[in-house]
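# Structural features, examined
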Amino acid sequence: MRFLLVAVLMVLTCGTAQAEEYNIGVRRITTEVAGIEAPVRVFYPTHESEAETRFGPWELSVARNSAPASGHFPLIAISHGLSGNDWNHHLLASRLVKAGFVVAAVRHPDDLLRVGQPEITVLRPRELTAAIDAVLTDSRFGPIVDAERIGAFGFSLGGFTVLVVAGGRIEYEKIARHCSNAEKDPEYCIGEEGGEPLPMWLRARRLIYSIPQVDLTEDVLDPRIDAVVAAAPVGLPFNDMSRVQMPVLLYRAGSDHALRAPYHAENVHKLLPDAHRYEVIGNLHHYAFLSPFPDSIAAEVGEPAQDPSGFDRSLFLDEINDEIVDFFRENLIRK
């Protein structure tokens, strides 16, 4: 009986240790792809005290540049959408840290200057992989990250990015065929006749911008990725998902006017192996997956910062971020 009591106490003690709560550390590191710097915002568990800290227009309760907690944590790489940044999913990153993950949110450089160019389909996946490499080789984070448990989250063009890194193959010709009738998908076919026009300032900058040269046939699959979440992804270019063998959670926004049905998430769903999870969230708009923007920049940001009347983005993110954390916990922590 005494032995049984000791065993029970040991189990309870271990369970308490596993449920340890962490504060949120934040540090900026950098990596480089094709000679261009790509910043990486690392969110990580720490035991140092949080404080309200300003990062440009964002003000978050974090422990900036604090010492990481000791441990062996899974890593989640985050890829933002077109023209986004490393703060776009800070609520998800914070929730992941609280659950015992390290998060690497890369800021893809020169996104708008590269949009519509095939090079972006290689550069973005390489930047995400470089962000993972940067964390694993960093003297502070390398020792606390479990390189055998790596996942990826991506939204919109970031969803495309993580699916390519996971092994999805694309067909460039599909894009040209699709956008020959751009009116059916105008925001995706930006700059094409019938699609959304490029702003004048962007057209001017593109005239003098040199896109980094990459091998468009390069295989950018990263075999270290063990689980993927793709939220409202760009999905039209894919023609083969047979190599995507890890667990995938795929979301489609039911009222997505930025990436219109049935060309994107539905195409990914049809190509993925049957074991993946596919959720269609009715009446959800495309940008609902983004953390709310500070009031000081909401007007400048425009549509991505706006919600339909009666929609509570913070409440939605509370629910969906918990679901995403549970998915990664199930497929990485418990594997």
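A short tour of the structure in this document, coming up. These numbers come from a predicted model, not from an experiment.

## Some points on the pairing of strand β9 (residues 225-231)
Two faces, one strand: in a regular strand the side chains alternate between the faces of the sheet. Counting buried positions along β9 yields 7 of 7 residues, so the element is predominantly enclosed. Here 6 bridges tie strand β7 (residues 145-155) to β9, and the two strands are oriented parallel to one another. The residue bridging Phe155 from the neighbouring strand is Ala231, located in β9. Across 4 bridges, β9 lies against strand β11 (residues 248-253) in parallel orientation. Along β11, the bridge assignment pairs Ala230 with Leu250.

## Quick look at the nonpolar core
Judged by nonpolar contacts, the single largest core of 55 residues is most densely connected at Val42, Leu75, Val102, Val135 and Val228. For this core, the element with the most residues is helix α4 (residues 120-137), which contributes 9 residues. Once residues lying within four places of it in the same chain are set aside, the contact partners of Val102 are Val42, Phe43, Tyr44, Pro45, Phe73, Pro74, Leu75, Ile76, Ile144 and Val145. Core analysis: the second largest hydrophobic core is formed by 43 residues, Leu92, Val103, Leu284 and Ile297 among them.

## Focus: the packing of α4 against helix α5 (residues 157-165)
Taken N-terminus to C-terminus, the directions of α4 and α5 make an angle of 75 degrees; their axes are 9 Å apart at the nearest point. When the interaxial angle is binned, α4 and α5 end up roughly perpendicular. Contacts from Ile120, Thr121, Arg124, Pro125, Leu128 and Thr129 in α4 reach Leu157, Gly158, Phe160, Thr161, Val162, Val164 and Val165 in α5. Of the residues contributing to the contact of α4 with α5, the split by class is 8 nonpolar, 4 polar and 1 charged.

## Considering helix α2 (residues 90-98)
Taken together, the buried positions of α2 are occupied by His90, Leu92, Ala93, Ser94, Leu96 and Val97. Looking one or two residues beyond α2, the residue adopting positive phi is Gly100, at roughly 95 degrees.

## Focus on the packing of aromatic side chains
For the structure on display, the rule yields 11 aromatic pairs. Between Tyr22 and Phe73 the ring centres are 5.4 Å apart and the planes differ by 90 degrees, which places this aromatic pair in the edge-to-face class. With Tyr22 in the loop between α1 (2-18) and β1 (23-33) and Phe73 in strand β5 (residues 73-79), this pair connects stretches of sequence that are 51 residues apart. Each of the two residues, Tyr22 as well as Phe73, counts as buried. Where Phe327 meets Phe328, the ring centres are 5.7 Å apart and the plane angle is 65 degrees; that geometry is what we call edge-to-face. Neither residue differs from the other here; Phe327 and Phe328 are each classed as buried. Put simply, the rings of Phe155, Tyr251, Phe289, Phe311 and Phe316 pair up and form one aromatic cluster.

Definitions and limits used
- Residues numbered from 1 in each chain as written.
- Predicted model: local features only at pLDDT ≥ 70, side-chain atom pairs only at ≥ 80, totals over all residues.
- Heavy atoms only, no water.
- Buried < 20%, exposed > 50% of the residue type's maximum accessible area, 1.4 Å probe, protein only.
- Helix = DSSP H or I, 4+ residues; strand = E, 2+ residues; numbered from the N terminus.
- Pairing = 2+ DSSP bridges.
- Core = buried A, V, L, I, M, F, W, Y, C linked by side-chain atoms within 4.5 Å.
- Contact = heavy atoms within 4.5 Å.
- Axes fitted to C-alpha atoms, helices over the stretch in contact; angles between N-to-C directions.
- Parallel < 35°, antiparallel > 145°, perpendicular 65-115°, else oblique.
- Nonpolar A, V, L, I, M, F, W, Y, C, P; charged D, E, K, R; others polar.
- Phe/Tyr/Trp six-rings, centres within 6.5 Å; stacked < 30°, edge-to-face > 60°.

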